[in-house]
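# Geometric and topological summary
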Amino acid sequence: MKANALWSLVGGGLVGITLVVVAVLGLLVGITLLGGLSKLRRTGRDGARSLDELVGEERFARFLTPGDPRGQVDQLRPAGTSAPPAA
């Protein structure tokens with residue numbers, strides 16, 4: 001086998017491998033982009049995908065005033081009293 005034929009064989013192999021790699025990468029990128037398009041939908045109150053989207057609205061995220069109670073809350077007692085609930 002002559003050197004010229006050997007270089008032609010090596011060059012052809014490299015071109016073939018490069019084309020296969022580019023085709024597979026293109027296929028993966030295409031599938032990823034098409035799969036990601038389904039996430040680009042309009043969201044609102046009914047279409048929220050996460051709690052973060054709901055908290056972005058003012059009515060769901062209100063700051064507490066300095067006088068608001070903090071700490072643990074006993075849900076069995078009426079608000080503002082220390083008496084046990086009426087039976």
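Residues numbered from 1 in each chain as written. Predicted model: local features only at pLDDT ≥ 70, side-chain atom pairs only at ≥ 80, totals over all residues. Heavy atoms only, no water.

## Looking at the overall build of the protein chain
- When you go through the protein chain residue by residue, the secondary structure sums to 2 helices and 0 strands.
- Looking at the 87 residues of the protein chain, the share that counts as buried comes to 1%.
- Only carbon and sulfur atoms are counted for the fraction: they give 65% of the accessible area of the protein chain, which is about 8,300 Å². (Helix = DSSP H or I, 4+ residues; strand = E, 2+ residues; numbered from the N terminus. Buried < 20%, exposed > 50% of the residue type's maximum accessible area, 1.4 Å probe, protein only. Areas by Shrake-Rupley, 256 points an atom, 1.4 Å probe, with all protein chains shown as cover.)

## Focus: a nonpolar patch on the surface
- Residues Ile-17, Val-20, Val-21, Val-24, Leu-25 and Leu-28 make up a contiguous nonpolar surface patch of roughly 550 Å² in combined accessible area.
- Looking at Val-20, the relative accessible area reads 53%, which means it is exposed. (Patch = residues over 30% accessible without salt bridge, like charges linked within 9 Å, V, L, I, M, F, W, Y side chains within 5 Å. Salt bridge = Lys/Arg side-chain N within 4 Å of Asp/Glu carboxyl O.)

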